[in-house]
Amino acid sequence: MRKFRKWHDYLIERLAADKEEAIGYLDVALEEYQEDGDTPFFWQGIRNVIEAQGGIPELAKRTQMSPDALLKILSSDKAPHVDTLGTILNALGCRLSVVPIKVEKPCSELADEK
């Protein structure tokens, strides 16, 4: 009989195996946060990548923060300070950046093109 894996286990394995995929995963989590303000969803994305890269103990070493402080930050439903987020993302091998938002044309402009 074939044994099935849990989705979470598969996800963590993929994020651990491919750094570019992990960064893309975080990028999508951040985009979703910016669209709907769902902080818990964004933090879950961060926690998944942290787990894939060795967990809280490893992140604590990289950030020079205590594991307890990191757990408190990562379990909060509040948005983090930008410097805290930057420190965590840097330890995960990426950084914050600013890019232009792609703005779709308003319906009125699309109608004028016809």
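Cut-offs used in this document
- Residues numbered from 1 in each chain as written.
- Predicted model: local features only at pLDDT ≥ 70, side-chain atom pairs only at ≥ 80, totals over all residues.
- Heavy atoms only, no water.
- Helix = DSSP H or I, 4+ residues; strand = E, 2+ residues; numbered from the N terminus.
- Buried < 20%, exposed > 50% of the residue type's maximum accessible area, 1.4 Å probe, protein only.
- Polar contact = N/O pair within 3.5 Å; in protein donor to acceptor, adjacent residues only side chain to side chain.
- Axes fitted to C-alpha atoms, helices over the stretch in contact; angles between N-to-C directions.
- Contact = heavy atoms within 4.5 Å.
- Nonpolar A, V, L, I, M, F, W, Y, C, P; charged D, E, K, R; others polar.
- pLDDT = per-residue confidence, 0-100.
- Core = buried A, V, L, I, M, F, W, Y, C linked by side-chain atoms within 4.5 Å.
- Arc of directions from axis to C-beta.

K.L.:
Describe in detail the environment of Ser75, supporting the description with residues and values.
P.N.:
Mapped onto the elements, Ser75 comes out in the loop between α5 (67–74) and α6 (82–91). For Ser75, a relative accessible area of 54% translates into the label exposed. At 2.8 Å, the side chain of Ser75 and the backbone oxygen of Leu71 are in polar contact. Within the structure, Ser75 has its side chain in polar contact with the backbone oxygen of Lys72 (distance 3.3 Å).

K.L.:
Kindly report on unusual backbone geometry, identifying the contributing residues and their values.
P.N.:
Phi angles above zero are rare outside glycine, and Gln64 is one such case at about 60°. Of note, Gln64 is situated in the loop between α4 (55–63) and α5. By relative accessible area, which is 74% here, Gln64 ends up exposed.

K.L.:
Explain the packing of helix α1 (residues 7–17) against helix α2 (residues 19–36) to me, using residue names and the numbers behind them.
P.N.:
In the contact formed by α1 and α2, the axes pass within 5 Å of each other and the chain directions differ by 115°. Residues Leu11, Arg14, Leu15 and Ala17 of α1 form the contact with α2, whose own contacting residues are Lys19, Glu21, Ala22 and Tyr25. Residue composition of the contact of α1 with α2, grouped by class: five nonpolar, no polar and three charged.

K.L.:
Break down the confidence of the model for the chain for me, with residues and values.
P.N.:
On average, residues of the chain score 87 in pLDDT, and 89% of them reach the 70 mark or higher. When mean pLDDT is taken per element in the chain, α4 scores highest with 96 and helix α7 (residues 107–113) scores lowest with 59.

K.L.:
Can you lay out the nonpolar core for me, pointing to particular residues and giving the numbers?
P.N.:
Leu26, Ile46, Ile50, Leu59, Leu74, Ile88 and Leu92 are the most contacted members of the largest nonpolar core, which totals 23 residues. Broken down by secondary-structure element, the contributors of at least two residues to this core are α1, α2, α3 (39–52), α4, α5 and α6. In contact with Ile46, other than residues within four places in its own chain, are Leu26, Leu74, Leu85, Ile88, Leu89 and Leu92.

K.L.:
Quick one: what's the story with α1, residue by residue and with numbers?
P.N.:
Along an α-helix, residues three or four apart share an orientation, since each turn contains 3.6 residues. Within the sequence span of α1, burial applies to Leu11, Ile12 and Leu15. Taken down its axis, α1 places every buried residue within 95° of arc, on the same side. Tucked inside the fold, the buried residues of α1 contact α2 and α3.

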